[in-house]
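Reading the structure
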Amino acid sequence: MKARNHLLSLLFAATLLVTAISSSADVVLPSVDSRFVSVKEINPSRDAGYVVGDKLQRTMILTVKQPYILIKESLPIVGYEHRYRGQVSGIELTGIDIEEQRESKQSVYTIRLEYQVFKIGRVAKPAILRGEIVKLRQQGSKDVKQFRMPSFNFRTSPLSVYGEVNLKNELSPFVAPLKLHADKEWLALKIAAGVLAASLLALLYILGARTWLPYMGGAFAKAYRKINKLPEDEQGLQQAISTVHAALHQVAGQSVFGNGVEHFLQTKPAFSVAKPEIERFFALSRQIFFDSHTPLDLGMPPKQWLKKFCRQMRDCERGLRPEVHA
Amino acid sequence: MQDQQLNDWRTHALTLESEVNKVVVGQENPVRLITTAVFARGHVLLEGDVGVGKTTLLRAFTRGIGGGYQRIEGTIDLMPNDLVYHTYLGEDGKPHVSPGPLLMSGQDLSIFFFNEINRARPQVHSLMLRVMAERTLTAFNKEHYFPHMLVFADRNQVEREETFDIPSAARDRFMMEIPIVVPPAHDIMESLIFDTRFHDVDQLISNVPADILKFDQLNSFAKVIQENIQASPALRKYALDLWLATKDPVAYGVKVSNVDMKRLVLSGASPRGMGMLLRAARVNAWLNNRQAVVPEDIHAVFHETIAHRLVFSPVYEMRRTEIARELLTGIVNAVAAP
């Protein structure tokens, strides 16, 4: 019977001890009293979606009224980890920085805190950045006041889901979707698409005989564009005639002369409608290059006639019926 | 004054062509080329089978031009002196010397026809080529001049035995090589067989009016043509390009079927050849009533003045005619003007 009483006493004492330890780990302290200190907090912009390894920055700005000052030694040190009912929270302080600004009636302390998440779970769970305890003392006095700063609630998320999970139970409205930052990939994709588009355009340009539109690559189309750029003088006229000769050469696949017009038209019947103009062109060429006595009446300045003739040949080249009669 | 002279002579030249064409039918192009050679004062090689009318053609021209016509047959035993004289025993029993074909007409010799020249020995070629080049001959201690002479020579291209091919240096002295072939038109061929006027050559030739041209004025008038028919800078450049293309056809992208172009041409046209080409082109321009040469004038005489001058690799010599024609056609097609 005596032994039984001892055992009960021991159990009661152990229960009291556990209760006492648990209570001492989560000391209930008064909130910030505005008579002595005011707090301004800058919390992380989001409160969910944190996974193991993520860091949270938090800034507390304490305005301590005179004659009190902050006891800096009361602030936690790097590596400190809150406990709740004897269990570590899994949120560790990884950086702390204090700035002090003393004024006549108050002192402003800017405390920058950095925490890192070291907890992982299979589902999203609530977590907390528990408010740190700050102690104030009155200068020249042993009076010390301590307050707990406001805490910050957030949620941690699992890196990935293993096994079967009942989403209905775990579908927390606070869980934000996991988003990957794909800005660089998007940029690379846009650049690659741009390069691909430019390459395709270049390929089309090359396959299209270096022209941007169909039929622009024809010999007479090119000659027409070139003639328009030549100067309006004797040399420009000679160059223009040479350009048309070169176009005829290109179309026929060989040199074409005045006595070869019939053969040219037999092999390229699309130009047959322009036969009189072709013959006049050779007369013009002969007059300019070989025999100035060659009789010729174009009815307009040679360069102008040549442009019209070249446009007519270009139309023939494109399979059109020439609209301009030179 | 010179314009009038040019016009008058052109009229005569066209009349001559017309008359010769009436006698030798179906040969308009050779007739035009021979007329060109006559006014360009160039010797001519005739190419063609036997019996196609070469002699008739030359006799008809001689009658129209005036002056003497002489002819000699090339044989393997022909010696150079056979061109100059021949000896015989006269009725008086004494040896006599008579002038040979070259001397017989004296300075009035207008056309000398050397038939089958490649049957004669190189010694004969040598004498003939000297007379062609210098138009003089030293014989009987005397210098004989043939200022109006044009040589027409015929090559037997069919038979190769007992022939002596004319070397390229000798061929180069001829202005043209003119092919004379049987006219392809059937009505002309039938006419040549059945029309009795073609059976008597002497009678046929007599139909050509005599002395349409003045043979002894041809040299001076040829000079007038060459001085009055102009060649523009563009044409000069074109002629130069043609010349370069004969030397290096590969550079101009010219191809001949079944021929290794890099090995084909050993030597292109000579400066003399190109000079003759332009002389002939000027005459062609004049005959066509132009005052300046145009590329078509060059084309009209290009094959005939250049083909026989080209020197090919021996492996291609057997196909010379065919290859030369294709090569020169390729050059004309490849070289642009202007």
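The subject of this paragraph is the overall build of chain B. A count of helices and strands for chain B gives 16 helices and eleven strands. In terms of overall dimensions, chain B has a C-alpha envelope of 70 × 50 × 50 Å along the principal axes. For chain B, the residues scored as buried account for 54% of the 338 residues in total. As displayed, chain B has an accessible area near 15300 Å², and 53% of this comes from carbon and sulfur atoms. Each charge class in chain B can be summarised by its mean position, and for the 35 positive and 40 negative side chains these summaries are 7 Å apart.

When the domains of chain A are assigned, the result is domain 1 (29-170) and domain 2 (219-317). Computed over C-alpha atoms, the centres of domain 1 of chain A and domain 2 of chain A are 90 Å apart.

With that out of the way, let us pick up the interface of chain A and chain B. Bring the parts together and some accessible area is lost; that lost area is often taken as the interface size. Tallying the contact residues gives 14 residues for chain A and 19 residues for chain B. Taken over both partners, the interface formed by chain A and chain B buries close to 1400 Å², and the fraction arising from carbon and sulfur atoms is 58%. Three residues stand out in chain A for area buried against chain B, namely Phe-257, Arg-286 and Phe-290 of chain A, and they jointly supply 47% of the buried area on that side. The partner of Arg-286 of chain A in a salt bridge is Glu-296 of chain B, with the nearest N and O atoms 3.5 Å apart. The interface formed by chain A and chain B includes eight residue pairs in polar contact (both at pLDDT 80 or more).

Residue and element names in this part refer to chain A. The sheet built from five strands is open, its strands ordered E1-E2-E6-E5-E4 with antiparallel pairing. Each edge of the sheet is formed by a strand with only one pairing partner; in this case those strands are strand E1 (37-42) and strand E4 (81-84). In this sheet, neighbouring strand axes are inclined to one another by 30° on average, regardless of whether the strands run parallel or antiparallel.

A few words on the domain arrangement of chain B. Residues and elements named next belong to chain B. What the domain assignment lists for chain B is domain 1 (26-216) and domain 2 (229-334). Each of domain 1 and domain 2 has a C-alpha centre, and these two points are 26 Å apart. Taken residue by residue, the interface counts 21 residues in domain 1 and 21 residues in domain 2. The contact between domain 1 and domain 2 buries some 1700 Å² in all, and 54% of this surface belongs to carbon and sulfur atoms. Looking at the side of domain 1 facing domain 2, the largest losses of area belong to Arg-171, Asp-172 and Met-175, adding up to 32% of the total buried there. The tally of links between domain 1 and domain 2 comes to two salt bridges. Between Asp-172 and Arg-272 there is a salt bridge, with its nearest N and O atoms 3.0 Å apart. On inspection of domain 1 and its partner domain 2, the count reaches ten residue pairs in polar contact (both at pLDDT 80 or more). When contributions to the side of domain 1 that touches domain 2 are tallied by element, the ones reaching two or more residues are helix H2 (28-40), helix H7 (168-171) and strand E9 (176-179). It is H2 that contributes the most residues to the side of domain 1 that touches domain 2, seven residues altogether. Residue composition of the side of domain 1 that touches domain 2, by class: nine nonpolar, five polar and seven charged.

What follows is about helix H10 (residues 218-228) of chain B. Residue and element names in this part refer to chain B. The complete set of buried residues in H10 reads Leu-218, Phe-221, Ala-222, Val-224 and Ile-225. Viewed end-on, H10 has its buried residues packed into an arc of 155°, placing them on one side of the element. Exposed side of H10, more than 90 degrees from the buried face: Lys-223 and Glu-227 are the residues found there. Against the buried residues of H10 lie helix H1 (2-23), H2, helix H3 (54-65) and helix H13 (271-287).

Next up on the list: the packing of aromatic side chains. Counting across every chain of the model gives 17 aromatic pairs over all chains. An angle of 55° between the planes, with centres 5.7 Å apart, marks the rings of Phe-257 of chain A and Tyr-238 of chain B as tilted. Placement of Phe-257 of chain A in the loop between helix H5 (234-252) and helix H6 (261-267) and of Tyr-238 of chain B in helix H11 (residues 233-247) is noted, with the two residues assigned to different chains. Phe-257 of chain A gets classed as buried once you look at its relative accessible area, which sits at 7%. For Tyr-238 of chain B, a relative accessible area of 2% puts it in the buried group. Note on Phe-39 of chain B and Phe-221 of chain B: the rings are 6.0 Å apart at their centroids and 80° apart in plane angle, and the pair reads as edge-to-face. With Phe-39 of chain B in helix H2 and Phe-221 of chain B in helix H10, this pair connects stretches of sequence that are 182 residues apart. Residue classification places Phe-221 of chain B among the buried residues on the basis of a relative accessible area of 1%.

Residue and element names in this part refer to chain A. Within the secondary structure, Met-149 is located in the loop between strand E9 (144-148) and strand E10 (152-156). The class of Met-149 is buried, set by a relative accessible area of 4%. On a C-alpha basis, the gap between Met-149 and Met-60 in space is 8.4 Å, while along the polypeptide they are 89 residues apart. Not counting chain neighbours up to four residues away, the residues in contact with Met-149 comprise Val-32, Met-60, Leu-62, Gly-131, Glu-132 and Val-134.

All names here are of chain B. Along the polypeptide, Leu-242 turns up in helix H11. The spatial distance from the C-alpha of Leu-242 to the C-alpha of Ile-72 is 36 Å, given a sequence separation of 170 residues. Leu-242 has contacts with Ile-298, Phe-302, Ile-331 and Val-335, leaving out every residue within four places of it along the chain.

Each value, and the rule that gives it
- Residues numbered from 1 in each chain as written.
- Chains lettered and ligands numbered in written order.
- Predicted model: local features only at pLDDT ≥ 70, side-chain atom pairs only at ≥ 80, totals over all residues.
- Heavy atoms only, no water.
- Helix = DSSP H or I, 4+ residues; strand = E, 2+ residues; numbered from the N terminus.
- Buried < 20%, exposed > 50% of the residue type's maximum accessible area, 1.4 Å probe, protein only.
- Areas by Shrake-Rupley, 256 points an atom, 1.4 Å probe, with all protein chains shown as cover.
- Lys, Arg positive; Asp, Glu negative; His and termini not counted.
- Charge placed at Lys NZ, Arg CZ, Asp CG, Glu CD.
- Domains from an automatic or database assignment.
- Contact = heavy atoms within 4.5 Å.
- Buried area = accessible area lost by both parts, 1.4 Å probe.
- Salt bridge = Lys/Arg side-chain N within 4 Å of Asp/Glu carboxyl O.
- Polar contact = N/O pair within 3.5 Å; in protein donor to acceptor, adjacent residues only side chain to side chain.
- Pairing = 2+ DSSP bridges.
- Axes fitted to C-alpha atoms, helices over the stretch in contact; angles between N-to-C directions.
- Nonpolar A, V, L, I, M, F, W, Y, C, P; charged D, E, K, R; others polar.
- Arc of directions from axis to C-beta.
- Phe/Tyr/Trp six-rings, centres within 6.5 Å; stacked < 30°, edge-to-face > 60°.

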